[in-house]
Amino acid sequence: MSVKKKPLVVVTRKLPDSIETRMRELFDATLNLDDTPMTPEQIADAVRTADVLVPTVTDMISEAILKDPDCKVRMIANFGNGVDNIDVTAAHARGITVTNTPKVLTEDTADMTMALILAVPRRLIEGSTILTEGKNWEGWSPTWMLGHRIGGKRLGIVGMGRIGQAVARRARAFGLQIHYHNRRPVAPRIAEELGATYWESLDQMLARMDIISVNCPHTPATYHLLSARRLKLIRKDAYIVNTARGGVIDEDTLIKLIEAGDIGGAGLDVYEHEPAVNPKLVRLAKAGKVTLLPHMGSATIEGRVEMGEKVIINIRTFLDNHKPPDRVLPSML
């Protein structure tokens, strides 16, 4: 009696052990045990041999790779919520199913956003380095290391999806006034629950906020949504927090405005050219003007395991000839 051949699943990065073990049980899984990012050439080789590719946000699945006449892959099961690393239109044209892992990172990302909303005005990282980097601390002083109170301040949320709403719930508990810009207003019951004020004009909202939180997805429409022109509308004593994608903000202009004192500061977990971080941002961080984190907004054990479980469910559903629950279509972007 012949044994049915398992589909070949190529995983581009190291995943939680429990997820990798389950993948080995279910599929003929090729794992990346040392977590070295795959080169474009290695990804191109993978799509020529794999039935299913499991990439992450660091892997660019371009039109050129997908148009390879030897491309064999039938499904791209992205380990991540955003799919800006994948040319979804090219995949769809080739008949390749694309899925993602939505809804599992909302609370984790909102927690980190709130942490930055607190850290930047209160100068938490700057204060911590006084003790950890051997600097001289002479004790408490009534006028030293003064930050800004956040209670009563206006928070402008750019993108009021699941994460934006989760941020609003946290921020409201800290006494912030909730404002937001979105493609369309949220449902009245949600607006009432959050006490949220809708701004149809992003320009008008930016000019009036004390803290701005970027929580929108990265799409062609949101690339440099906070452009040089819009960044110049922001008040000199305001702060920007970004846990979405670096490309949403014109990073070079943001740096120039903070250097000139035309924006109060920033808390960034994502960068326009990551993993490269602009050296000027590092200098600003050392000067206490910005707080920088290494893209760890969703980095919880629970979140990563739930992402992996969603990947497995999507793959199994697809292989059973059903529509995966987290299918992504070009029309959805």
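See the structure above.
Thresholds, definitions, all that
Residues numbered from 1 in each chain as written. Predicted model: local features only at pLDDT ≥ 70, side-chain atom pairs only at ≥ 80, totals over all residues. Heavy atoms only, no water. Salt bridge = Lys/Arg side-chain N within 4 Å of Asp/Glu carboxyl O. Buried < 20%, exposed > 50% of the residue type's maximum accessible area, 1.4 Å probe, protein only. Helix = DSSP H or I, 4+ residues; strand = E, 2+ residues; numbered from the N terminus. 1 Å grid on protein atoms, 1.4 Å probe; cavity = no way out; pocket = protein on both sides within 12 Å on 5 of 7 lines; lining within 4 Å. Points joined across faces, edges and corners; volume = space filled by probe spheres on them. Pairing = 2+ DSSP bridges. Axes fitted to C-alpha atoms, helices over the stretch in contact; angles between N-to-C directions. Contact = heavy atoms within 4.5 Å. Phe/Tyr/Trp six-rings, centres within 6.5 Å; stacked < 30°, edge-to-face > 60°.

Peer 1: Break down the pattern of salt bridges for me, citing the residues and quoting the values.
Peer 2: All chains considered together, the criterion is met by 18 salt bridges. Between Lys-14 and Glu-20 there is a salt bridge, and its shortest N-O distance comes to 2.9 Å. For Lys-14, a relative accessible area of 30% translates into the label partly exposed. Between Lys-236 and Asp-262 there is a salt bridge, and its shortest N-O distance comes to 3.8 Å. Here Lys-236 is found in the loop between α10 (228-231) and β10 (239-242), whereas its partner Asp-262 is found in the loop between α11 (251-259) and β11 (265-268), with 26 residues between them in sequence. Since its relative accessible area comes to 28%, Asp-262 is described here as partly exposed. One salt-bridge network, in which partners are shared between bridges, spans Lys-14, Asp-17 and Glu-20.

Peer 1: Describe in detail the layout of surface pockets, supporting the description with residues and values.
Peer 2: In this structure, the second largest pocket occupies an estimated 500 Å³ of space. Along the wall of the second largest pocket there are 28 residues; nearest its centre are Glu-126, Ala-287, Gly-288, Lys-289 and Val-290. Elements with a contribution of two residues or more to the lining of the second largest pocket: α5 (106-122), α6 (124-132), α12 (279-286) and β12 (290-292). Ranked by residue count, the leading element in the lining of the second largest pocket is α6, at 4 residues.

Peer 1: I'd love a proper account of the sheet that holds strand β2 (residues 28-30), names of residues and values included.
Peer 2: Read across the open sheet, the 5 strands follow the order β2-β1-β3-β4-β5; overall the sheet is parallel. One side of each edge strand has no neighbouring strand; the edge strands of this open sheet are β2 and β5 (97-99). Between one strand and the next, the sheet's axes are offset by a mean angle of 15 degrees, whatever the strand orientation. As judged from the 3 bridges shared by strand β1 (residues 8-11) and strand β3 (residues 52-54), these two strands associate in the parallel manner. Bridge pairing in β3 links Val-10 to Leu-53. Packed onto the sheet, helix α13 (residues 301-319) meets β1, β3, β4 (75-77) and β5 and runs at close to 160 degrees relative to β4.

Peer 1: Talk me through the sheet that holds β10; I want residue IDs and the actual numbers.
Peer 2: One open sheet holds the 7 strands; their spatial order is β8-β7-β6-β9-β10-β11-β12, and the pairing between them is parallel. Of all strands in the sheet, those bounded by a partner on one side alone are β8 (197-198) and β12. Across the sheet, helix α7 (residues 162-173) touches β6 (154-158), β7 (177-181) and β9 (211-214), and the angle it forms with β6 is around 170 degrees.

Peer 1: Quick rundown of the packing of aromatic side chains? Include the residues and the values.
Peer 2: Scanning all chains against the criterion turns up 1 aromatic pair. Relative to Tyr-198, the ring of Tyr-180 lies with its centre 5.2 Å away and its plane at 45 degrees, an arrangement referred to as tilted. You can see Tyr-180 sitting in strand β7 and its partner Tyr-198 sitting in strand β8, a full 18 residues away along the chain. Residue Tyr-180 is classed as buried on the basis of its relative accessible area of 1%.

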